Amino acid sequence: MSVTRRRSKKSGSSSSKKRSRKLYVPKGTSAFKKGQANSPFEQQTGGVAGDSAFATAPGFSEIPRVFSSFEEIAQQYQAPDKPVINSAGATGRGGEAASAFAPSAPVPPPQPPPPPTHQVQSDALKQRGNIKYNEGDYVGAIQLYSQAIRLSPMTPTYLLNRSAALIQLQRFGDAVEDSNRATEMDETLVKGYLRAGRSLIAMGRASDAREQFQRCCAVAQTPSVKPGLFEKIQAEARNEILKVQAYETGMRECISLLMQAGANPRGRKSDRKRRSSRPTDVDRRANRILAQEALKLSNKAAVIATWSIEPVRLKITAMMAMGTLASLTDSIGLCDVELRQRRQRSIVRLEDLVRGRDLSSVTPDESMRLSLANDIAILSLLRGRALHLCGDIPGSESTLRAANIALRNELALCNPDMPRPGGHRVLVQVQAEMLEEQRLVREMQARRECGNTEFRNVKYAKAYDAYSGALNLDPSHDSYNAILYCNRAAALMMLGLYTEAVADCDEALKRRSYYPKARQRRANA
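Source: prediction; values computed, not measured.

**A short note on the overall build of the protein**
Scanning the protein for helices and strands turns up 22 helices and 2 strands. With 525 residues in all, the protein has 40% of them scored as buried. Restricting to contacts in the protein with at least 6 residues of sequence separation, those with at least 24 account for 58%. Working note: accessible area of the protein is about 30,000 Å², and carbon and sulfur atoms make up 54% of it.

Encoded structure:
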């Protein structure tokens, strides 16, 4: 009995263990074995299906796909610092959590906002302008740069590029304006200071150019400038400053030499005392040497200030101060060349050039018109003086008369109701100087013609007085006075004063070495 009881206890304990193991199997799963995956859900998750009827229900296989779709949507709106728990129980940050059903796509980084449409268009116009500039079509480049400026007026690069094209067309005033506007928008644009300074020195404004180059050196030392660009900009700015100093020194020394040589490059009012007597031969040789040195300095200054009239004025004055016929002829030829070049210069307004209008019918720029009129008036005045010194009194008088009429017309174009521009005062000064020269030429011509008329009328005493009065007008004018001395010698011979006639013929030969008529009259006397 006891043995039997023991066996029954062991069998009861084993049955209880079997029952406890069956508790892990859900009810109604007798058709499935433990650990066997028969449904689609079990195949994906590796779990055990619950009820066979539920596993084989319609649409059950779509549950993982739908669940993964909702999980991706939730990850997109999940804060990046909050952990995300996926269906498999894994945790992650933001969209980095892995899905148990399907791998989630990484969230793309935020894209920068697209640039405005007008900025894209202006950049395209700038690129087209650069192509035109490289091809040498500077007018087309200016038009494209101007269109870009209208679309993006606060972009300084477009102004800087247009200033470079304006320099190529020798519109230095407009180039300075564009460069200054660009540097006002961005003070670190060292190229703007360089281009403004080069334009100013080309116009002869040395002090303003030096100021621009000094600003360039100061800005180049700031940390905002690229390290590789610092040394290059510093070297260019210092070279330009040296050019400015050379220009100022050369102009100052040239004016001093011309004053010592008896020529006043700034007008004829202050050299009236020098006309009271004729310089000696030693003085003339010394003046010729001084004028040659002044000519060298003026040539160097003209290379630096290519657009300024002042170096050209000093150069022509130095040629006339030499006193030789060859130098006077060269000065007349130089005046003709400079006049031809300046009359071909364009003085249209920048807006008319940009819009492509008919340049023959547009209104010229006021400041450029006055500046060009000033240059033409100065060159015409110098040409009249050179003709006067050559002895061509009628040609000198006609040149000065035509120049005076043109200058009056230019001054009449200025609006009297508007403030007078800066070039108006300069034109008035040139007009006064031209009128004085014209009066002197007319008086010399009139005195000479009066003496010739009296000589033809057999009034030799009155002819002698007329010739003597003409000699006092400009004793330093050798070519003109040589003719007067020879004519007065003829009047003295008719009056029987042969000794005085020989002296006048000597004076004529002293002023003009090759003068056959004077030699013949001296021999007759």
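Having seen it, we continue.
**Digging into the environment of serine 179**
Its place among the elements puts serine 179 in helix 8 (residues 172-185). Discounting residues that sit within four places of it in the chain, serine 179 has contacts with Ser163, Gly192, Arg195 and Ala196.

**Here's the deal with the packing of helix 12 (residues 281-304) against helix 13 (residues 310-322)**
The contact between helix 12 and helix 13 brings their axes to 8 Å, and the two run at 160°. With respect to their mutual orientation, helix 12 and helix 13 come out roughly antiparallel. Remark: the crossing between helix 12 and helix 13 carries left-handed chirality. Between helix 12 and helix 13, the contacting residues are Asn287, Arg288, Ala291, Gln292, Ala294, Leu295, Ser298, Asn299, Ala301 and Ala302 on the first element and Pro311, Leu314, Lys315, Ala318, Met319, Ala321 and Met322 on the second. Split by residue class, the contact of helix 12 with helix 13 holds 11 nonpolar, 4 polar and 2 charged.

**Section: the nonpolar core**
Ranked by size, the top nonpolar core spans 83 residues in total, and within it Cys216, Tyr247, Leu258, Ile316, Met434 and Tyr515 carry the most contacts. Broken down by element, the residue count for this core peaks at 11 residues, all from helix 16 (residues 366-390). With residues near it in sequence (within four places) discarded, cysteine 216 still touches Val190, Tyr193, Leu194, Ile233 and Ala237. Counting residues in each nonpolar core, the second largest holds 9 residues, with Ala148, Tyr158, Ala182 and Leu189 among its members.

**Points about helix 7 (residues 156-168)**
Taking 1.5 Å per residue, 13 residues should reach 18 Å; helix 7 reaches 19 Å between its end C-alpha atoms and fits that length. In terms of burial, helix 7 is a largely internal element, 10 of the 13 residues being buried. Buried within helix 7 we find Pro156, Tyr158, Leu159, Leu160, Asn161, Arg162, Ser163, Ala164, Ala165 and Leu166. A positive backbone phi angle near 60° is found at glutamine 170, which sits one or two residues after helix 7.

**Description of the environment of threonine 157**
With respect to the helices and strands, the residue threonine 157 is situated in helix 7. The sequence separation of threonine 157 and glycine 192 amounts to 35 residues, and the corresponding C-alpha distance is 9.4 Å.

**Comments concerning the side chain of aspartate 375**
With respect to the helices and strands, aspartate 375 occurs in helix 16. When residues no more than four places from it in sequence are discounted, the contact partners of aspartate 375 are Ile309, Arg342 and Arg345.

**Concerning the packing of aromatic side chains**
Summed over all chains, the structure comprises 3 aromatic pairs. Judged by centre distance (5.4 Å) and plane angle (70°), the rings of tyrosine 133 and tyrosine 138 are edge-to-face. The class of tyrosine 133 is partly exposed, set by a relative accessible area of 24%. You can call tyrosine 138 partly exposed: its relative accessible area is 23%. Ring plane angle 70° and centroid distance 5.2 Å describe the contact between phenylalanine 455 and tyrosine 460, whose orientation is recorded as edge-to-face. Classification of tyrosine 460 as buried rests on a relative accessible area of 16%. One cation-aromatic arrangement involves arginine 512 over tyrosine 515; the distance from NZ or CZ to the ring centre is 4.7 Å.

**Things to note about the pattern of salt bridges**
Applying the stated criterion to the full structure yields 25 salt bridges. In this structure, the salt-bridge partner of arginine 284 is aspartate 478, at a minimum N-O distance of 2.6 Å. Taken together, the residues arginine 284 in helix 12 and aspartate 478 in helix 20 (residues 478-494) connect sequence positions 194 residues apart. Residues arginine 284 and aspartate 478 agree in their burial class; the two are buried. Through salt bridges with shared partners, a single network forms among Arg284, Asp478, Glu507, Lys510 and Arg511.

Cut-offs applied
Residues numbered from 1 in each chain as written. Predicted model: local features only at pLDDT ≥ 70, side-chain atom pairs only at ≥ 80, totals over all residues. Heavy atoms only, no water. Helix = DSSP H or I, 4+ residues; strand = E, 2+ residues; numbered from the N terminus. Buried < 20%, exposed > 50% of the residue type's maximum accessible area, 1.4 Å probe, protein only. Contact = heavy atoms within 4.5 Å. Areas by Shrake-Rupley, 256 points an atom, 1.4 Å probe, with all protein chains shown as cover. Axes fitted to C-alpha atoms, helices over the stretch in contact; angles between N-to-C directions. Parallel < 35°, antiparallel > 145°, perpendicular 65-115°, else oblique. Left-handed = near helix turned anticlockwise from the far one by under 90°. Nonpolar A, V, L, I, M, F, W, Y, C, P; charged D, E, K, R; others polar. Core = buried A, V, L, I, M, F, W, Y, C linked by side-chain atoms within 4.5 Å. Expected span 1.5 Å × (residues − 1). Phe/Tyr/Trp six-rings, centres within 6.5 Å; stacked < 30°, edge-to-face > 60°. Lys NZ or Arg CZ within 6 Å of the ring centre and 35° of its normal. Salt bridge = Lys/Arg side-chain N within 4 Å of Asp/Glu carboxyl O.

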